[in-house]
Every structure is written in C-alpha cells, then in structure tokens.
Amino acid sequence: MKFLKKNKIIFLLLLVAIASSGFILFQKFNQNEKFVTYKVNLKEKEIKFYWKSDYAINFKSIGNLKDWLSQKNEELLFATNGGMYKKDYSPQGLYIENFEVKNQLDTIEGKGNFYLKPNGVFYITNDKKGIICTTENFKNNATIQYATQSEPILVIDSKIHDAFKKDSQNLNIRNGVGILDNGEIIFAMSKKEINFYDFASFFKALGCKNALYLDGFVSRTYLPEENWIQTDGNFGVIIGITKNK
C-alpha cells in the first residue's frame, strides 16, 4: 500500500514538472510570437547611437547605416530606431553622441506621446551602465556617453504609467528599452500592434523596474541572428551594436 502511495506521489510530481516545463516553453514561444527582443551586457558589447554620417547626412534607415558601417569594416549585429524625431529628422529632445550634446533636453509642455508626462531619458555612461530616468531627474554630466530622450515612460520604479489603460484601442507597432535587474539592457519591438499598457506589462514581466518607449508605427529592428531583418525606415536616431569584420 505504501509502495502504491509512493508511486502515486512520484507520478503526480512528474506531471507537475511536465506541466511546468510545458508552460515555460509555451511562455517562451508566445513571447517570441509577439516580440523581437535583444539583451545587451554592456561589459561584453558596446551600444552606440547614430544620427548622421561623417558628411552630416542623416542615416534615416537601418540599411543606410549598415552600408556606412560596412565601409568602415564594421558588421551590424543589431539596430533599432532610437527615439522620436522632428520633421527634419533631428531628435526630439535630448540627444548626446560620444559625450557631445547635439540636441538639448526638452522640458516644455505640449501634446502628443512625447509630452505624455512623465517622459524620460535612456542613457549610457562611460563606466558601461545603462540608465533610464524621468526627464525631471536627469542630470547631465561628463560621464554620459550616449543619451536619447523619449516618451512616455513605460515603467518607472516597477510601476506602469498611470495614463495607460488595459483595454485601450490605441494600437500600434511599438519599440522600447528596459533595464533588467542584473543591469543588462533589453530592447523590444512588438511584432503586431499593441497598446501601451500591454507593452509596458511585457517589460514589467521581464523584471524591468524602468522602461522607456522609443517610438511606434515607424519602429524597425534589425536582428539577423533571429532572422529578423528590417533595413528600411525613415527616422532620426538609430541605436546599434557592431563588431569588426
């Protein structure tokens, strides 16, 4: 009798284990169906921001950036659009490239996604740290190598933006960036149209205490290792990772 009970317990434990592994696999599959993601450890890879070529010409598309980098014997591993922009394709709000402030912080009031407060800044320091903070809390100093201002903040201090609604029909392809608990940076773009609440929830579920929206509709991602290759586009700043050929 005891033997039968023991076997029954073992059988039940096996069922739980199988169900759990299946759920994990389902979650992973479901995530891959909905998002293209790329994690970056800044101690292993360097993130760079791009806006214009050596000839002061806007890249605009990932393909143009890829070709330009190829001429410098650099292979593009990952790229995505890096924030909102104006009609002349200049960054809307703060933009820092290689420690140089090329566009000032925007703190004015206005309409549209960019002015849906709180907005925020994603920046990288010279000691290889990625940080997302609100515009109000941003302090510029000589340690900031790259920075882009965008809006709205998706997640701040582990809390989803108050203005987002679960059942919102404001649907779009969207891309954003978050900081994981271990300090790694994760970029994500929805493969299908999604509202702000669900997009923010995705970053929160990953464990991001802070995440920032980069843009929507125009969003593109280039990630050949996942067979996700989008080289078109018509936008301002591009965030990329390369390696020497």
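Residues numbered from 1 in each chain as written. Predicted model: local features only at pLDDT ≥ 70, side-chain atom pairs only at ≥ 80, totals over all residues. Heavy atoms only, no water.

A.B. asks: Help me out: how do you make sense of the overall build of the protein in this one?
C.D. replies: Looking only at helices and strands, the protein has three helices and 16 strands in total. Considering only contacts in the protein between residues 6 or more positions apart, those separated by 24 or more positions represent 71%. Summed over all atoms, the accessible surface of the protein reaches about 13600 Å², with 52% contributed by carbon and sulfur. (Helix = DSSP H or I, 4+ residues; strand = E, 2+ residues; numbered from the N terminus. Contact = heavy atoms within 4.5 Å. Areas by Shrake-Rupley, 256 points an atom, 1.4 Å probe, with all protein chains shown as cover.)

A.B. asks: Hey, could you run me through the sheet that holds strand S12 (residues 185-190) in this one?
C.D. replies: Within a sheet, adjacent strands bond to each other through the backbone by hydrogen bonds, running parallel or antiparallel. Read across the sheet, six strands follow the order S1-S12-S11-S13-S9-S10 without closing on themselves; strand pairing throughout is antiparallel. The open sheet is flanked by strand S1 (35-40) and strand S10 (159-160), the only strands paired with a single partner. Here strand S11 (residues 174-179) pairs with strand S13 (residues 210-216) via six bridges, running antiparallel. Residue pairing for S13: Asn175 is matched across the bridge by Asp215. (Pairing = 2+ DSSP bridges.)

A.B. asks: How should I be thinking about empty space enclosed by the protein in this particular structure?
C.D. replies: Any empty space left between the atoms is revealed when a probe the size of a water molecule rolls over them. Counted by the stated rule, this structure contains one cavity of 30 Å³ or more. Considered as a void within the structure, the largest cavity measures approximately 40 Å³ in volume. Elements with a contribution of two residues or more to the lining of the largest cavity: S1, strand S3 (74-81), S11, S12 and strand S14 (221-223). Its residues placed into classes, the lining of the largest cavity shows seven nonpolar, five polar and no charged. (1 Å grid on protein atoms, 1.4 Å probe; cavity = no way out; pocket = protein on both sides within 12 Å on 5 of 7 lines; lining within 4 Å. Points joined across faces, edges and corners; volume = space filled by probe spheres on them. Nonpolar A, V, L, I, M, F, W, Y, C, P; charged D, E, K, R; others polar.)

A.B. asks: Even after reading the chapter, I still don't get the pairing of S13, so can you show me in this structure?
C.D. replies: For S13, the buried fraction is high: seven of the seven residues fall into the buried class. Of the strand pairs in this sheet, strand S9 (residues 153-156) and S13 are connected by two bridges, and their pairing is antiparallel. By the bridge assignment, Ile153 is partnered in S13 with Leu212. (Buried < 20%, exposed > 50% of the residue type's maximum accessible area, 1.4 Å probe, protein only.)

A.B. asks: Please clarify how unusual backbone geometry should be interpreted in this entry.
C.D. replies: Cis rather than trans, the peptide bond between Glu151 and Pro152 has omega equal to 0 degrees. Residue Asn73 is not a glycine yet carries a positive backbone phi of 60 degrees. On the secondary structure map, Asn73 appears in the loop between helix H2 (62-71) and S3.

A.B. asks: Whenever I open this one, H2 confuses me. Can you help?
C.D. replies: Since there are 3.6 residues in each turn of an α-helix, residues three or four apart along the chain are aligned in direction. When we look at burial in H2, the residues that qualify are Ile62, Gly63, Leu65, Trp68 and Leu69. Downstream of H2 by one or two residues, Asn73 has phi in the positive range, about 60 degrees.

A.B. asks: Can you help me understand the side chain of Asp215 in this one?
C.D. replies: The topology assignment puts Asp215 in strand S13. Arg174 provides the closest opposite charge to the buried, unpaired Asp215, separated from it by 7.4 Å. Asp215 has contacts with Asn81, Gly83, Met84, Tyr85, Ile173, Arg174 and Asn175, leaving out every residue within four places of it along the chain. (Lys, Arg positive; Asp, Glu negative; His and termini not counted. Salt bridge = Lys/Arg side-chain N within 4 Å of Asp/Glu carboxyl O.)

A.B. asks: In this structure, what is going on with the packing of aromatic side chains? I would like to understand it.
C.D. replies: Each aromatic ring pair is described using two quantities: the centre-to-centre distance and the angle formed by the ring planes. All told, the structure shown has 17 aromatic pairs when counted by the stated rule. Ring geometry for Phe35 against Phe202: centres 3.8 Å apart, planes inclined by 15 degrees, an arrangement best described as stacked. With Phe35 in strand S1 and Phe202 in helix H3 (residues 196-206), the pair connects residues that are 167 residues apart, well separated along the chain. The pair formed by Phe35 and Phe202 is uniform in burial state, with each residue classed as buried. A centroid spacing of 5.9 Å and a plane angle of 70 degrees characterise the contact between Phe202 and Phe203, whose relative ring orientation is edge-to-face. A residue is classified by how much of its surface remains accessible, and Phe202, at 11% relative accessible area, is buried. An aromatic cluster is built from Tyr38, Phe49, Phe78, Phe122, Tyr146 and Phe187, whose rings are joined through pairwise contacts. Taking the ring centre of Trp51 as reference, the NZ or CZ of Lys52 above it sits at 4.5 Å. Cation over ring: Arg174 sits above Phe196, and NZ or CZ is 4.0 Å from the ring centre. (Phe/Tyr/Trp six-rings, centres within 6.5 Å; stacked < 30°, edge-to-face > 60°. Lys NZ or Arg CZ within 6 Å of the ring centre and 35° of its normal.)

A.B. asks: Sorry if this is basic, but what is going on with the pairing of strand S8 (residues 144-150) here?
C.D. replies: Most of S8 sits out of view: seven of its seven residues are buried. Note that strand S4 (residues 95-97) and S8 share three bridges and pair antiparallel. Bridge pairing in S8 links Tyr95 to Thr148. Bridge count for strand S6 (residues 120-125) against S8 is six bridges, and the pairing is antiparallel. From the neighbouring strand, Ile124 faces S8, where its bridge partner is Tyr146.

None of the figures reported here should be taken as evidence of function without further support.
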